[in-house]
Amino acid sequence: MSETHAAIKDQSATRSLLRLWPYVRPIRTRLFSAAFVAIVASCLGLVIPLVLKWIVDGPVAEHDPGGVWLGALYLLLLGLAEAALFGYRRWLVARPLARVEAEMRADLYRHVQRLPVSFHDRWASGQLLSRGTTDLMLLRMFLAFPLTFLVVNAVTILAGFAILLSQQWSLGLVLLVPVIPLVILCSLFETRYSLVARQAQDQVGDLTTVVEESVLGIRIIKGFGQHRSQALAFRELSRRLRGTELAKARLLAGLWGLITTIPELAIGAALVLGTVQVADGDLSAGTLVAFLSTALALRWPVESIGFLLAMSQESATATARFFEAMDAQEEAEAPGASTSHSSGELPPGAPQGAAPLEPLEPLEPPRGSAPGPASAAASPADRAPGALPPDPRSSNAGGAELLPAGAELGAVDQAAGIRFEGVTFRYPDAADGSAPVLSRIDLHIRPGETMALVGGTGSGKTTLTALVPRLHEVSGGRITLDGEDIAHMTRERLRGLVSVAFEEPTLFSTSVGDNVAMGGGSPDDLERALDIAQAQFVRRLPQGVDTQVGEQGLSLSGGQRQRLALARAVVGRPRFLILDDPLSALDVHTEALVEAALRRVLQDTTALVVAHRPSTVLLADRVALLSEGRITAVGTHQELLRSNAEYAWLMSGADDRHDEGEDGR
Ligand SMILES: Nc1ncnc2c1ncn2[C@@H]1O[C@H](COP(=O)(O)OP(=O)(O)OP(=O)(O)O)[C@@H](O)[C@H]1O
Ligand SMILES: [Mg+2]
């Protein structure tokens, strides 16, 4: 995600980390007590030099072995207390922090599930994966160590310096001098480190994407003998990541080197000065011992600041990356979106457009015709130029009995079914000024009717079908189901009404039965759906419907997967059925069987079926021809064959498309 680099650059680390507060809030008491315990433990460590001073100036100077033993006992007790307190701190935070991590991960997953399809079109899956794994792990570690220890160490250093200055202020000042260059150094380091840290985390995301894609696409990679080039690509990415990690290490090593050398030099200087003072009799030996051991005890808090800062910096970028995904807009429900089925139950705020009985005014009348609102479904209202008038014998072959006679059709029936009204669509990430994928689509699929959607490859058929379950939002115009604008329905309800089977049948790593049952329905429906989809092969699988399928269903054949996807689409007896070329992977005989069964299902639903082959088209009552983003003709198969050259060409070439290719047009 290179475009995100720039945006993040100037975001301060603290500001990023502050966004973690809502997650940390519930465990703040624990965290604060843990920090307090750590401060006490750390300051106990500073008492040790004072006991040493007492031993040297007291029992040692007075040659009193009993006093020395007593002093040793004190030291032991202090050490034990310090260790116990640090252990207690660990125990205090371990469990709550694991919970914070789990909560953030759950939140991310939930959010990602609700993000619109257009988000997933844009984002590489590996980038999401690395955010949910490495980044969150970094954050947990940050909350466990750097967050606490930056505070603990700061307090310890302050307390230590207070002790040092009170022991012998001139020596204390010698040690204080290096603080200034250290502070400057750390801030310089922070800015440079944050850039490489971000780069490294993004590169981990890229690497994850390559691994994921190559695992999912392993058949293609092997089939085309691409494993070597894939390995090269991987090696190149990991080489780059290694370079970034090395740059990180170099920065850290430089900082660490200076952070250890400078205080060490100061301690050396203090040692020389102190020894001179002891020789001159200005300082007791015990004070010098105490002074130096305090200085040495402070070495760790000072030195650790380097890597604590580095870890904080990485956590800040991890937080920023986490919230980049979390900040992406979820699919919003329209205000007052209706969840009820009848207009009478509409919530007060619901837009009137949602009322099914409202007479419909097409937003943009189709070219070449001027339909009145009362024109019946059989009128040219939904007919594009070039389409023939309906042929009473051949149209509605399958669903004719479901349609009331034309004379009885009123506004209600005109609204019923699926209506596209002046629908325009362009992909959100399409280049500015590019033509929309779909423009001014006016189409009416009458209740109970099956409409086939035919068009050349890339003409926008899949895009059109994806608009009905609102996988993408229309850019203009509207789509209504039985007169109700889908933009005013909750997605949950809409997706309960509409069932889909896509071109690429995707299955999940669970049992065959669960995969199909995703579409709803009861166990009886499952059997029925399997019959309709001619998926009897399921019963011959080792555990029947309980057989587990591999990742993405790759353990099944393409046709088997397609039939399961079809079963999933029909199992819930949906009111509206959208099938995107559902029979493409079946052999002619299976196709005929599925078609026969499907014909029965299509009788009681309103369906839009993308079709490439004449055999599939024959399932439909009418056909709509999509050409360059517009519906250019609507009519029965026979009508269009006779009247529309493009349609005739598409259908004639359909069986030997591979020979003709696209330029045969
Ligand atoms: N997520 C996307 N972002 C941007 N453009 C897209 C996206 N998906 C498809 N397109 C473009 O939209 C156009 C229509 O694609 P669509 O998948 O709807 O065609 P189709 O009619 O289903 O073709 P086919 O018969 O090959 O399945 C194509 O030019 C395609 O490049
Ligand atoms: Mg398609």
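A brief structural summary. Being a predicted model, the structure only gives us computed values, none of them experimental. (Residues numbered from 1 in each chain as written. Chains lettered and ligands numbered in written order. Predicted model: local features only at pLDDT ≥ 70, side-chain atom pairs only at ≥ 80, totals over all residues. Heavy atoms only, no water.)

What to know about the overall build of the chain
Phase 1 of the analysis: Looking only at helices and strands, the chain has 25 helices and ten strands in total.
Phase 2 of the analysis: Expressed as a percentage of the 665 residues in the chain, the buried residues total 48%.
Phase 3 of the analysis: Restricting the contact set of the chain to residue pairs at least 6 apart, pairs at least 24 apart contribute 77%. (Helix = DSSP H or I, 4+ residues; strand = E, 2+ residues; numbered from the N terminus. Buried < 20%, exposed > 50% of the residue type's maximum accessible area, 1.4 Å probe, protein only. Contact = heavy atoms within 4.5 Å.)

Re the sheet that holds strand β9 (residues 622–627)
Phase 1 of the analysis: The six strands lie next to each other as β6-β7-β8-β3-β9-β10, forming an open sheet whose pairing is mixed. The open sheet has two edge strands, β6 (498–501) and β10 (630–635), and neither has a second partner. Neighbouring strand axes in the sheet, compared pairwise and without regard to direction, differ in orientation by 20° on average.
Phase 2 of the analysis: Sheet topology places strand β3 (residues 450–455) next to strand β8 (residues 606–610); four bridges connect them, and they run parallel. Bridging from a neighbouring strand, Ala-452 pairs with Val-609 of β8.
Phase 3 of the analysis: Packed on one face of the sheet, helix α20 (residues 558–570) meets β6 and β7 (576–580) and runs near 180° to β6. (Pairing = 2+ DSSP bridges. Axes fitted to C-alpha atoms, helices over the stretch in contact; angles between N-to-C directions.)

Remarks on the site of ligand 1
Phase 1 of the analysis: Around ligand 1, a shell composed of 14 residues is seen, among which Asp-121, Lys-461, Thr-462, Thr-463 and Glu-503 lie nearest.
Phase 2 of the analysis: Between ligand 1 and Asp-121, the relevant distance is 2.8 Å, taken from a nitrogen atom to a side-chain nitrogen or oxygen of the residue.
Phase 3 of the analysis: Here an oxygen atom of ligand 1 sits 2.9 Å away from a polar atom, N or O, in the side chain of Thr-457.
Phase 4 of the analysis: When isolated, ligand 1 has an accessible area of 630 Å², and the protein chains bury 63% of it.
Phase 5 of the analysis: Of the residues forming the shell around ligand 1, the biggest block, three residues, is contributed by helix α15 (residues 461–467).
Phase 6 of the analysis: Classifying every residue of the shell around ligand 1 by side-chain character gives two nonpolar, eight polar and four charged. (Near = heavy atom within 4 Å. Polar contact = N/O pair within 3.5 Å; in protein donor to acceptor, adjacent residues only side chain to side chain. Areas by Shrake-Rupley, 256 points an atom, 1.4 Å probe, with all protein chains shown as cover. Nonpolar A, V, L, I, M, F, W, Y, C, P; charged D, E, K, R; others polar.)

Description of a nonpolar patch on the surface
Phase 1 of the analysis: Residues Trp-54, Leu-70, Leu-73, Tyr-74, Leu-76, Leu-77 and Leu-80 make up a contiguous nonpolar surface patch of roughly 690 Å² in combined accessible area.
Phase 2 of the analysis: By residue number, the principal contributor to the nonpolar patch is helix α5 (residues 65–114), which donates six residues.
Phase 3 of the analysis: With respect to the helices, strands and loops of the structure, Leu-77 is situated in helix α5.
Phase 4 of the analysis: Judged by its relative accessible area of 47%, Leu-77 falls in the partly exposed class. (Patch = residues over 30% accessible without salt bridge, like charges linked within 9 Å, V, L, I, M, F, W, Y side chains within 5 Å. Salt bridge = Lys/Arg side-chain N within 4 Å of Asp/Glu carboxyl O.)

What to know about the pattern of salt bridges
Phase 1 of the analysis: Going through the model one piece at a time under the given rule, you end up with 28 salt bridges.
Phase 2 of the analysis: Here Arg-470 and Glu-473 are joined by a salt bridge, their closest N and O atoms 3.1 Å apart.
Phase 3 of the analysis: A salt bridge links Glu-473 to Arg-491; its shortest N-O distance comes to 2.5 Å. One end of the pair, Glu-473, is in the loop between α15 and β4 (476–481); the other, Arg-491, is in helix α16 (residues 491–497), and 18 residues separate them in sequence.

Quick look at the pairing of β8
Phase 1 of the analysis: In terms of residue burial, β8 counts as a mostly covered element, since five of its five residues are buried.
Phase 2 of the analysis: In β8, alternate side chains face the same way, and those of Thr-606, Leu-608 and Val-610 on one face and Ala-607 and Val-609 on the other are all buried.
Phase 3 of the analysis: Here β7 pairs with β8 via five bridges, running parallel. Within β8, the position partnered with Leu-579 by the bridge is Val-609.
Phase 4 of the analysis: As for the winding sense of the linkage, the β-α-β connection from β7 through helix α21 (residues 588–603) to β8 is right-handed. (Right-handed = clockwise from strand over helix to strand, strands pointing away.)

Things to note about the sheet that holds strand β2 (residues 438–445)
Phase 1 of the analysis: Ordered in space as β2-β1-β4-β5, the four strands form an open sheet in which the pairing is antiparallel. With partners counted over all chains shown, the strands left at the sheet margins are β2 and β5 (484–485), one partner each.
Phase 2 of the analysis: Relative to β2, strand β1 (residues 418–425) runs antiparallel, the two being bridged by five bridges. In the sheet register, Arg-419 faces β2, and the bridge partner there is His-444.

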